[in-house]
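# Structural description and commentary
Given next are the chains, with one letter for each unit.
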Amino acid sequence: RRERFSDTSNSSMKGSSGGTTNATSSGSTNSGSGGGSSPAIALCASCDRCRARKTKCDGNRPCGNCAAKYLKKHKLTSIEGIDLSLFECVYSPAKRRGPVPGRVGQARKASEALDHSPSNERSGDLMAQMGGVNATGLNGMGGQGMLGAGLGGMGGMGGMGGMLGGDQVTADLLQQQAQLAALGMGNRDDAFGQQGGAMGQGGQPGGQGQLDDQMALQRQMMLQHQNVMALQAGLGGQFDQNQGWGGAAAGASMFDQGGAGAPGIMGAQGIGPQGGSAGSSSMDSQQSAAQQQLNLLQQLQAQQQQQAAEQMIMQQQPAQRQRKAENKDDVGGASGKGLPQSVMKHLPLLEKNNPGGNRLRSYYSLSVDELFCLPSIPTNEEYCSRLPTPINPNLLPRFDLAALQAARFAEIALGALANNQVALALELSNATVLCLRECVEEPVHPSCMFDVARAYLLHGIFRSFRADMVRYFKYRRVCLTHLSQLDNIEGVESLLAAISFHDAWAYMIHNASEAALPDIDNSIPPLPAPHNSEQNGDNSRFSMSTIPSMIASNPVNQMWIQGPPPVFINNEAPALSRSLDALACAIRSCCDQANSRFEGMSGDASGRCDDNCVTPTTAAVMANQNELCSRNMVLSAFTLLQQHEASSSSTNKNHGHHLVISAMDAFLEGGDEEEAGGFTDSQIQSLLSVCNTAVEHPLLLHQGGPTYHMVSNAAILLCHLLNGMHANRNSGDSPGEMETALFEEVLDTFIAVRKLLSIHRRKLPVRLRCHGIPRPNFALEVNGADNPGAPFIDLGETLMCGCRGCQGFVLMACSPCVAAERAQAAALKAESASEKDAYSIGEVNEFDKELCDLGVEFDLDDDALLNVLSRIIAT
């Protein structure tokens, strides 16, 4: 950095124009009287304006920047004749940097004088001769430390000088000993070497030649420290020439455990034998030199400690990473230790930021969960924060993590199935099973008990979509086993309502016949019946309890939920759950009525005896006709849905609930004989609403429960409507514009929904397929006069569903005898189709065969899980 010096008496600077100007500025003033000159003042190399703007200054007066600014401001071309003060180019005095001049030299000279003093030389010779001292000496600068454990002072034992300065010197020397020990120079057998020979007598001390510099630094520091301590005590600075180190007269060396007293010195108070006085003028320089030596020692110590710490960290990092990975695996981290590779490769799908996993969860939300509306599965962080004692998510136990992963895998497995990714759905379903096996052997924490129950239910629903009703009923019962322990838990009513609605579908396809159900009591025992269930019931009007544990353990509900709707009659349950349970009860009641009609039409009394004709649902409806009849249940469900939508801030439009309510409303309406086709306007609007909703949201066909069957039956009713309207058009009366527009609207809707149902039907197992709807006969529109009695859509060609409730929609225009015959024929056809589907694996294409083989392989894991569950529940 450049500096400027100005002489206040006679100084000048060259201006930017080449002339000379007076250098006296605000930074340099005359001092004294009589015209005397003051010492030169150092000015900054740049003017204040250039320094503030951080621009380069040429150092002139005025500088180029200030001159250019002035010329531009005043529109001038030259600065000649302009007063320098107008340019405002000021150079401020420079601040002093570095140490005070002269002090460093004085400190260096004082240090050299101390190093060459006679006492220091004699002490250095003494230390050089003590390299071989054993336990009572240096002992490799180890066993007793640097100065021994009993240092007392410096001087004669019993002298007043030792009494005055001994304690302070001892404390300081012990502190020095601790610092040197931290450097590795104390309490180490290999530091200076018990085995390496004597220091000061040649050779490398302890076999470590790199400690020579440290030893020299130690000796110099010790001597400096002794003099400083004596000076601070005010007792002079020269050691006794006759007695040397005070402990020598008693036969003890300087480093002996008995201690070395302070030398007999005489300070300012005249105490102590044979002392010498040091000049007080050199005290400051000696203290400065000693302080510099101490700072050097401390820097060396800090550097060595830092290097040792870095080496230790580098050595520990691989072990720490390995130990951290092992701990993460032990607590069930994201690595999924203990799970097979087939599961680990799908673990990324469970992450919230995974696009594939989010897409599958979206399919699940738009299909199954659109109707069930189950609580969302908590993340690991949310789950840990809900615990009584929150923990770190990385420390989540493996069993709890496996339970959460099982629930997540169950959701995306249903999403993959809704998206027709069958192979992926099977793999994810198998991942659900393997995760459940991880947590089945250990007791599940109560905080994740609900998610385990949800996982079993969703996996059971997945199995039912694959027409595996045996495993569905088994997993359903395991779910009820967990629900029996979940009283007063948020979301239990939603899970019970979902079970009730899906049970209504199983109730329907089995025609409400318990004889057609599989026997699972030997593998998964039923829950024990509650004691005094009637007394525990909190709803005396329906003689049943609404407590979740009582509902799960009710003997009537072991295979499917029957009787009064348990969630609907609970006024404390969420409105949406009560609405879904009411719809399930209405569906069961309609199935019972359809079965009764078919029993009456066929006259087959041997199929079901009189005692079994009245199901628990029918008995409950007959006992509470005003509350539990099908029509009133649908109205109640719609009212509860409206209450939920009015009180909820969710953007979900509940298309699934509206579809089921509209379908049930159309099915239960009596009709109008005077209208075309025998349908009322509201009934036609409901049917169109059901079909249009299914066309707009095709994933609703993958909902749990009988949604797909309801849409198929709505399409069958549209067939009846089209046949009636077509018959009226061919009767000779010219149709009006409204009738023509309605016919075209209904026909377009029917064609669209029929195409959708046909595609969906081909994806389903044979046992789960509903009606195969025939095509319209458009030739009748052209040649209708040739065959006036032919129907527009011949329902006689319909491939009827095996469910009696669905068959009634096809046979509603037939006589009882014809209906009974066609019902029996449909049952035989469905049975033969199921057998053909079971034994036709070799006839399918290669891809379908691989899927079948994959399903058979995964069934083994399901059986293994169910065997473990059977053993646990039985014991």
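Description of the structure in this document. (Residues numbered from 1 in each chain as written. Predicted model: local features only at pLDDT ≥ 70, side-chain atom pairs only at ≥ 80, totals over all residues. Heavy atoms only, no water.)

From N to C terminus, the chain includes 32 helices and 4 strands. Across the 875 residues that make up the chain, the buried fraction comes to 48%. Considering only contacts within the chain whose residues lie at least 6 apart along the sequence, 73% involve residues at least 24 apart. (Helix = DSSP H or I, 4+ residues; strand = E, 2+ residues; numbered from the N terminus. Buried < 20%, exposed > 50% of the residue type's maximum accessible area, 1.4 Å probe, protein only. Contact = heavy atoms within 4.5 Å.)

It is at 11 Å that the axes of helix H14 (residues 422–440) and helix H15 (residues 449–465) come closest, and there the two elements cross at 145°. As for the relative orientation of H14 and H15, their crossing is left-handed in sense. Between H14, through Ala-425, Leu-426, Ser-429, Thr-432, Val-433, Leu-436 and Val-440, and H15, the contact on the second element is made entirely by Ala-455, Tyr-456, His-459 and Phe-462. Within the contact of H14 with H15, the residues separate by chemical class into 8 nonpolar, 3 polar and no charged. (Axes fitted to C-alpha atoms, helices over the stretch in contact; angles between N-to-C directions. Left-handed = near helix turned anticlockwise from the far one by under 90°. Nonpolar A, V, L, I, M, F, W, Y, C, P; charged D, E, K, R; others polar.)

Another aspect to go through is the nonpolar core. Among the nonpolar cores identified, the biggest contains 166 residues, and Phe-372, Phe-409, Leu-428, Tyr-456, Phe-473, Leu-483 and Phe-501 are the most heavily contacted of them. Ranked by size, the runner-up nonpolar core spans 15 residues in total, among them Leu-43, Cys-57, Ala-67 and Ile-82. (Core = buried A, V, L, I, M, F, W, Y, C linked by side-chain atoms within 4.5 Å.)

Looking at where Ser-662 falls in the secondary structure, it is placed in helix H25 (residues 655–668). Residues contacting Ser-662, with those up to four places away along its chain left out, are Ser-686, Ser-689 and Val-690.

Okay, the environment of Ser-650 next. Tracing the backbone through its elements, the reader meets Ser-650 in the loop between helix H24 (630–647) and H25. Within the structure, Ser-650 has its side chain in polar contact with the backbone nitrogen of Asn-652 (distance 3.2 Å). (Polar contact = N/O pair within 3.5 Å; in protein donor to acceptor, adjacent residues only side chain to side chain.)

A contiguous patch of positive charge, built from Arg-53, Lys-69, Lys-72 and Lys-73, is present on the exposed surface. Mapped onto the elements of the fold, Lys-73 is located in helix H2 (residues 64–74). (Patch = residues over 30% accessible without salt bridge, like charges linked within 9 Å, V, L, I, M, F, W, Y side chains within 5 Å. Areas by Shrake-Rupley, 256 points an atom, 1.4 Å probe, with all protein chains shown as cover. Salt bridge = Lys/Arg side-chain N within 4 Å of Asp/Glu carboxyl O. Lys, Arg positive; Asp, Glu negative; His and termini not counted. Charge placed at Lys NZ, Arg CZ, Asp CG, Glu CD.)

Another aspect to go through is the packing of helix H10 (residues 355–366) against helix H13 (residues 398–418). Here H10 crosses H13 at 75°, and the two axes come no closer than 7 Å. Relative to H13, the element H10 lies roughly perpendicular. Across the interface between the two elements, Gly-357, Leu-360, Arg-361, Tyr-363 and Tyr-364 from H10 touch Glu-411, Ile-412, Leu-414, Gly-415, Ala-416 and Ala-418 from H13. Here the residues of the contact of H10 with H13 sort into 7 nonpolar, 2 polar and 2 charged. (Parallel < 35°, antiparallel > 145°, perpendicular 65-115°, else oblique.)

On to helix H26 (residues 681–696), then. The end-to-end C-alpha distance of H26 is 22 Å, a good match for the 22 Å that 16 residues give at a rise of 1.5 Å each. Those residues of H26 that sit buried are Gln-683, Ile-684, Ser-686, Leu-687, Leu-688, Val-690, Cys-691, Thr-693 and Ala-694. Where H26 is buried, its residues touch H25, helix H27 (707–729) and helix H28 (737–763). (Expected span 1.5 Å × (residues − 1).)

What follows covers the pattern of salt bridges. Counting across every chain of the model gives 13 salt bridges. The residue Asp-863 makes a salt bridge to Arg-471 at a minimum N-O spacing of 2.8 Å. With Asp-863 in helix H32 (residues 846–874) and Arg-471 in helix H16 (residues 469–483), this residue pair connects regions lying 392 residues apart in the sequence. On the basis of relative accessibility, which here comes to 13%, the residue Arg-471 falls in the buried class. One salt bridge in this structure joins Asp-521 and Arg-477, with 2.6 Å as the shortest N-O distance. Taken together, the positions of Asp-521 in the loop between helix H17 (492–509) and helix H18 (533–536) and Arg-477 in helix H16 put the pair 44 residues apart, joining distant regions of the chain. Here Asp-521 falls in the partly exposed class, since its relative accessible area comes to 37%. Overall, Arg-477 belongs to the buried group, its relative accessible area being 1%. What you see here is one network of salt bridges that share partners, running through Arg-463, Asp-468, Arg-471, Asp-859, Asp-862 and Asp-863.

Further remarks concern the packing of aromatic side chains. Overall, the coordinates contain 7 aromatic pairs when judged by the stated rule. Measuring from centroid to centroid gives 4.9 Å for Tyr-70 and Phe-87, while their planes differ by 55°, and the two rings are tilted. Of this pair, Tyr-70 sits in helix H2 while Phe-87 sits in the loop between H2 and helix H3 (103–115), and the two are 17 residues apart along the sequence. The structure contains a cluster of three or more aromatic residues connected by ring pairs, namely Phe-743, Phe-778 and Phe-792. Across the ring face of Phe-399, the terminal group of Arg-398 is positioned such that the distance to the ring centre comes to 4.8 Å. When the ring centre of Phe-568 is taken as origin, the NZ or CZ atom of Arg-578, which lies over that ring, is 5.5 Å away. (Phe/Tyr/Trp six-rings, centres within 6.5 Å; stacked < 30°, edge-to-face > 60°. Lys NZ or Arg CZ within 6 Å of the ring centre and 35° of its normal.)

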